[in-house]
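What the coordinates show
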Amino acid sequence: MKTGISIAELMRKTIALLRAGLVGLIFVGGPEVQAVDAPSTSRPGGFKFDTTISREVLENYLSRSVSMEGLLNGRGDLKDNIRMLKGEGAKYIGRALCLWGAERDFLNNIERARKQIPEVLAADPDMVLEACVFEIVGQRVSQIAVPDWVFTAFGQPVTNRNFIYEDMIYPQNQRRSMGQGQVPDESRLETRMWFYYQAVSYIDVGCESIHFGQVEIMNRNDPGNAHWAELLTMVRHYAAKHARRHMVLCNGHVPTGGLQHDGNPLLDFNAFPLRIKETPEKPMEAILKVGYSDGLYGRSKGGRTFSGWTCEHLPYLVELDNFGASRHQGEPGGPNERLYVWGFDEITWFAHQRKEYRARWLQYAWDWLRDTDPNAHLQMPASRTASSSDIHWYFANNPSPAVPNGLGDEDAIRSVWAADSAQEMK
């Protein structure tokens, strides 16, 4: 009596489905099911790392990166977001735990992420989830108790106190406002203790990457970046013992080309906005151009990395940034509005385009980066704050009852990656 189809027949059916791009599973060596990369994901060298990461594997992750702001802190529908990410073949999930002004409800946000991360990783254990330590601190940080282990890590006497806001910010003559707070001075011990507390908390819940924000506006009193080096060394030391794959990937925005110490990069990879240039002769359209504004193209600094390999130019991500809209929305800007694209920040400009134009533009940007600077990788838009009266959030999800305001860019992203995988596998 037959109890099911034969293994050979099952393999033939599965291979046919794989060729059609409909499944991401294959049966190997018997009836056990083993996950393999979907057509949009496949990259030579794969996505495996432990303790350190090779350049090939790192760039595989960067080449399948999305900016998924707020995935783990309540933005959008979690189940539909997981569905989209898995369907696209996303591997590096940027800004997944994105707490701007982290001191606001920090512990509750951490606990929510702790519960949600296993659900995300169940969909794809290879995914790297990124948390953020931003360039802002507000007075409510003084309501958070300093754990004993933070004092111990920095060789300080253990005392019963909260973090001290005034001991984190720049001196009076150097201060810079940021949102509802101030830019912290990372040369100050209290700041590094607060950053370490955040980073360790993110590692403990399962995040394997940390975006340290605008690192170069926090180091005005740290010549040579010795304090950044100390902090990142401590974070990596903790990750080596406690992270899921014994490593945490560190990155940040670097307008000068890199956060360097003793001639070598402190970060595992760099990150920066795309810096999109509007085209006045073609209303609402825009291009990429080397040398425009402070774009990073051709300027990413290299050296010997934490993982031990050397490079002339450190790999980097470029993303559709958000920072607000100008007073001239929908109009071309002048020399004083070079960061805006038709009066919008980058993601809001993108969200205002027709669906067909968005698809063409993502393919254009991917091809332009490949031809212009192979060290650059496009971080696809998935979820991001938008800044106009009619669009407050960008979701790439296909529209559905779960995400009624989704803009439906999933297929465009998957198409770009699938074409890249096909090219890589030739």
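Treat the numbers as computed from the prediction; the structure is a model and nothing was measured.

1. Notes on the overall build of the protein chain
The number of helices and strands found in the protein chain is ten helices and 20 strands. On C-alpha atoms alone, the protein chain measures out to a radius of gyration of 22 Å, which is about the 22 Å that the 2.2 N^0.38 rule sets for 426 residues. Each of the three principal axes of the protein chain carries a C-alpha extent, and together these read 80 × 55 × 45 Å. Looking at the 426 residues of the protein chain, the share that counts as buried comes to 55%. Look at the contacts in the protein chain between residues 6 or more apart in sequence, and 67% of them connect residues 24 or more apart. Carbon and sulfur atoms form 52% of the exposed surface of the protein chain, whose accessible area is close to 18,400 Å². Computed over 46 positive and 52 negative side-chain charges, the separation of the two mean positions in the protein chain equals 3 Å.

2. Concerning the pairing of strand 3 (residues 65–68)
Taking every second residue as pointing to the same face, both faces of strand 3 are buried, with Ser65 and Ser67 on one and Val66 and Met68 on the other. In this region the chain leaves strand 3, passes through helix 3 (residues 78–88) and returns to the parallel neighbour strand 4 (residues 92–97); the handedness of that crossover is right-handed. When strand 3 meets strand 19 (residues 380–385), the two strands line up parallel, connected through three bridges. In the strand pairing of strand 19, serine 67 is matched with proline 381.

3. Overview of the environment of phenylalanine 195
Tracing the backbone through its elements, the reader meets phenylalanine 195 in helix 6 (residues 189–205). Relative accessible area serves as the criterion here: at 1%, phenylalanine 195 is assigned to the buried category. Taking the C-alpha atoms as reference, phenylalanine 195 lies 6.7 Å from valine 133; in sequence the two are 62 residues apart.

4. Some points on the confidence of the model for the protein chain
In this model, the protein chain carries an average pLDDT of 91, and 90% of its residues clear a pLDDT of 70 or more. Long-range and interchain partners of residues 1–35, a stretch whose pLDDT sits below 50, account for 31 contacts in this model, where long-range means more than four residues apart.

5. Focus on the packing of helix 4 (residues 106–123) against helix 6
With their axes 9 Å apart at the nearest point, helix 4 and helix 6 run at an angle of 25° to one another. On the basis of the axis angle, helix 4 is roughly parallel to helix 6. Residue-level inspection shows Phe106, Leu107, Ile110, Ala113, Arg114 and Ile117 of helix 4 in contact with helix 6, the latter providing Tyr197, Gln198, Ser201, Tyr202, Asp204 and Val205. Of the residues assigned to the contact of helix 4 with helix 6, the class counts are eight nonpolar, two polar and two charged.

Conventions we followed
- Residues numbered from 1 in each chain as written.
- Predicted model: local features only at pLDDT ≥ 70, side-chain atom pairs only at ≥ 80, totals over all residues.
- Heavy atoms only, no water.
- Helix = DSSP H or I, 4+ residues; strand = E, 2+ residues; numbered from the N terminus.
- Rg over C-alpha atoms; globule rule 2.2 N^0.38 Å.
- Buried < 20%, exposed > 50% of the residue type's maximum accessible area, 1.4 Å probe, protein only.
- Contact = heavy atoms within 4.5 Å.
- Areas by Shrake-Rupley, 256 points an atom, 1.4 Å probe, with all protein chains shown as cover.
- Lys, Arg positive; Asp, Glu negative; His and termini not counted.
- Charge placed at Lys NZ, Arg CZ, Asp CG, Glu CD.
- Right-handed = clockwise from strand over helix to strand, strands pointing away.
- Pairing = 2+ DSSP bridges.
- pLDDT = per-residue confidence, 0-100.
- Axes fitted to C-alpha atoms, helices over the stretch in contact; angles between N-to-C directions.
- Parallel < 35°, antiparallel > 145°, perpendicular 65-115°, else oblique.
- Nonpolar A, V, L, I, M, F, W, Y, C, P; charged D, E, K, R; others polar.

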